[in-house]
Each structure stands twice: as C-alpha cells, then as structure tokens.
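# Inside the fold
What follows is the residue order along each chain.
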Amino acid sequence: MITTKDFDYHLPEELIAQTPLIDRSASRLMVLNRTQHTIEDTDFKHVIDYLNPGDALVINETRVLPARLMGVKPDTGGHLEVLLLTNIEGNRWETLVKPARRAKIGTRIEFGDQQQITGIVIEELEHGGRIVEFEYEGIFIERLEELGQMPLPPYIKERLDNPERYQTVYAKENGSAAAPTAGLHFTKDLMDQIKAKGIQIIPLTLHVGLGTFRPVSVDNIEDHQMHAEFYSLSEMSAQQINKVQADGGNIIAVGTTSVRTLETIAHRNQGKIVSESGWTDIFITPGFEFKAVDHLITNFHLPQSTLMMLVSAFYSRDAIMEAYQHAVDQEYRFFSFGDAMLIL
C-alpha cells in the first residue's frame, strides 16, 4: 500500500518563498534527467537550452479570479470570508466560507459598501463548502475586480503589491481559484526566444479549483477523492499536439494542470489527443501510464500533496524525494513563488 506519509519531507519554513522575484525568469531551475539519473542546477532562463526545435510547450491559459470576497451578514453584522472556487452554472458558485458554521442555508451575505454583490447560501456540501447564488448589477467579473482580493495560498504571509505577479504573462481565461504556478517563471521575452528556436507554444485551459486547497487526509492514497476541475482543449491545439507527436517532437507540459488535462483527454480517447472540454478528477499516482506528456516543468510542492504524488509518478518516488532533499540542501525557494524543476 502506498501511503500519504511516503510523500512527506522536511522543509525549513524559511525556504517557503513569500514574494515573487522582480525578474520572473531569474528563478532557479533544477533539471532532472530520467535516463541519465542526474540532477543539474541552473537558472530558469536557460530552460530553452533543454528544448529542441520541433518540441512543444503546452501552457495553461487560465486566469486567477480576484476570488476572495469579504462580506457581512446584514441581519447580525457578522463578517464572513467567501472564496469562489467553481462556477457551477449561471450565478451559482461553489465556495469556501469562513467561518462555515455561520453560513447556513438561507444565509444572506452582502459585499461592498453599496451592496454591489449579494450572495445567498443555497446548499451545504459534504466537504464543508457552500453553494452560493449571487445577485449583482452589471458584469460579475467587473464587480469582482472592484471588490475581490487575490486568493493567495495560506502559506504566503506577505502582502502582494502587484496582483499581476500571481498571473502568468499569458493568462486569458478567467476562472481559477489559484495560479498554475509553473507558468509564473515565463516572461514574454523568454517565450519569444522559445518560439524563435522553432518550439511551438500550445494553449489549453484548466481552471484550478478546490483540489488545490484540499490536503490528502487519508493514509491510503487510493482512498483520496480528487475534486473535479473544468478543462478545455481547442481543435487547433489538439491538431498542433498531434502533429508534434507525429513528427517526433516532445510534448513539454508546463505545470501539473497541463499534465492532468492532456492525460485526461488521452486516457479517455485511447491515447489520442482530441478537442474536448469537460470536468476531470484524474488522480495521478505512482504506477500511472503517461500517454501524452514527455517532459514536465513544475514547481516544488507541499509535502504529502497530490502534486508530490503526480511528479513521483512521472519519475519515481525515490528520485523525487532525493531531488527535494537536494533542493532543501541547496536552499531552493519552494511553492507558488518559488523555483522550478524540469523533468526530462
């Protein structure tokens, strides 16, 4: 039995990156070669040296919503924090509410001095979440931009001066509750250099939802239930990926979100990449057969997390644990604003 504790490691708190670097591509990069079983330390701007003409980078174009809303219950004056996770349909959203005990069915929450947004709790979910239906005037995204805050992970204690630093430079599709952080290292200049070298940059979308915030709370990882997230791959992107594969190029997934999207599609379609959108709760653990992704760019992840399990599946648990110990020894920066890893 593979247990959650098999993916634990000790991380000194001072290695958790609290603020982004001024230059995105100045992050460090650890390169793991699965064939040669080597570890190499370099800087992220040199990632281009490991990519070849004919390869393709697959990026997640999701954009993080200013999804943390601070509200008040008009009947009691009590304060509630509401984190938008997933747009279910229309004005109904799956949310996390703090404190949840104050958010019973029928609870009304007002946001903004002029009550620009009002929410009503219409359902309580098993995991503690709430379905909230919102009322507002105008365009919801515009109201969020006015009232919402960037939902930084709880391990980041510092204030983020520029919210755009928690967005990738290619973010387009509003819908995420957290950033696809492997993409934060790319600058527009670096992407131009990559294109000029003959490497395609192919977009997809996966909106990061509740799964990012849920720890693995079971001992046997097979008992863990992933939360579903929405993904989409266009016809053009599917055709580009198929051509790269047919011509012998490598598919390099930028981030675990790109991996989960591509592998969801490939496993649903007998190994083929097709244009598709839907919901995925794919849980990638050691023993998983990868059908679409050749290489992976990723950040350093939380101990005992599903993302640690995914990268371990892509290489091996022992190799990843060794790499993480190397990262700690070399004082790499960890998590969302931290350094990166390239697994070849």
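Residues numbered from 1 in each chain as written. Predicted model: local features only at pLDDT ≥ 70, side-chain atom pairs only at ≥ 80, totals over all residues. Heavy atoms only, no water.

The name an unreviewed UniProt entry gives the chain is S-adenosylmethionine:tRNA ribosyltransferase-isomerase, with Falseniella ignava CCUG 37419 as the organism. Quoted verbatim from the Pathway (unreviewed entry) field of UniProt, the annotation for the chain is "tRNA modification; tRNA-queuosine biosynthesis." (UniProt positions renumbered as here; feature names shortened; annotations may be inferred.)

Take the packing of helix H5 (residues 306-314) against helix H6 (residues 317-329) next. Between H5 and H6, whose axes approach to 7 Å, the crossing angle comes to 115°. Every pair of crossing elements has a handedness; the one defined by H5 and H6 is right-handed. Within the contact between the two elements, H5 uses Met-308, Val-311 and Ser-312 and H6 uses Arg-317, Ile-320, Met-321 and Tyr-324. Within the contact of H5 with H6, the residues separate by chemical class into five nonpolar, one polar and one charged. (Axes fitted to C-alpha atoms, helices over the stretch in contact; angles between N-to-C directions. Helix = DSSP H or I, 4+ residues; strand = E, 2+ residues; numbered from the N terminus. Left-handed = near helix turned anticlockwise from the far one by under 90°. Contact = heavy atoms within 4.5 Å. Nonpolar A, V, L, I, M, F, W, Y, C, P; charged D, E, K, R; others polar.)

To continue, consider the environment of Thr-257. Structurally, Thr-257 is set in helix H4 (residues 256-268). Within polar-contact distance, the side chain of Thr-257 engages the side chain of Asn-60 at 3.1 Å. (Polar contact = N/O pair within 3.5 Å; in protein donor to acceptor, adjacent residues only side chain to side chain.)

Once that is clear, we can look at the sheet that holds strand E16 (residues 295-299). Strand order across the open sheet formed by nine strands is E2-E1-E17-E16-E14-E3-E12-E13-E15, with mixed pairing between neighbours. Both edges of this open sheet fall to strand E2 (38-43) and strand E15 (276-280), since each of them pairs with a single strand only. Averaged over all adjacent pairs, the angle separating strand axes in this sheet is 20°, with direction ignored. In this structure, strand E14 (residues 251-254) lies alongside E16, joined through three bridges in parallel fashion. Each bridged residue has a counterpart across the sheet, and for Ile-252 the counterpart in E16 is His-295. Across the sheet, H5 is in contact with E16 and strand E17 (340-343); its angle to E16 comes to roughly 155°. With respect to the sheet, H6 is in contact with strand E1 (28-33), E2, E16 and E17, its orientation differing from that of E1 by roughly 150°. (Pairing = 2+ DSSP bridges.)

Moving on, we come to the sheet that holds strand E8 (residues 108-111). Spatially, the six strands close up into a barrel ordered E5-E6-E7-E10-E9-E8, and their pairing is antiparallel. Ignoring which end each strand starts from, the neighbouring axes of this sheet average 45° apart. Relative to E8, strand E5 (residues 68-72) is paired through two bridges, and the arrangement is antiparallel. Considered in E8, the bridge of Val-72 is made with Glu-110.

A few words on the pairing of strand E9 (residues 117-124). Summarising the sheet, E8 and E9 pair through four bridges and their orientation is antiparallel. Pairing of Phe-111 across the sheet is with Ile-117, part of E9. The turn linking E8 back onto E9 is made up of five residues, and Gly-112 within it adopts a positive phi angle of 90°. Hairpin connection between E9 and strand E10 (residues 130-136): a loop of five residues separates the two successive antiparallel strands, and Gly-128 in this loop has a positive phi of roughly 100°.

Moving on to the packing of aromatic side chains. One pass over the full model with this rule turns up 17 aromatic pairs. Relative to Phe-334, the ring of Tyr-9 has its centre 6.1 Å away and its plane inclined at 35°; by these criteria the two rings are tilted. Here the residue Tyr-9 occupies a position in the segment before E1, and Phe-334 occupies one in the loop between H6 and E17, the gap between them amounting to 325 residues. The exposure classification of Tyr-9 matches that of Phe-334, with both residues buried. (Phe/Tyr/Trp six-rings, centres within 6.5 Å; stacked < 30°, edge-to-face > 60°. Buried < 20%, exposed > 50% of the residue type's maximum accessible area, 1.4 Å probe, protein only.)

Turning our eyes to something else, we now look at the domain arrangement of the chain. As far as domains go, the chain holds domain 1 (4-64 + 163-343) and domain 2 (68-149). Contacts between the two partners involve eight residues from domain 1, matched on the other side by nine residues from domain 2. Between domain 1 and domain 2, the buried area comes to about 690 Å², and carbon and sulfur atoms account for 68% of it. Our enumeration of links across domain 1 and domain 2 arrives at zero salt bridges. Here the side of domain 1 that touches domain 2 is composed, by residue class, of four nonpolar, four polar and no charged. (Domains from an automatic or database assignment. Buried area = accessible area lost by both parts, 1.4 Å probe. Salt bridge = Lys/Arg side-chain N within 4 Å of Asp/Glu carboxyl O.)

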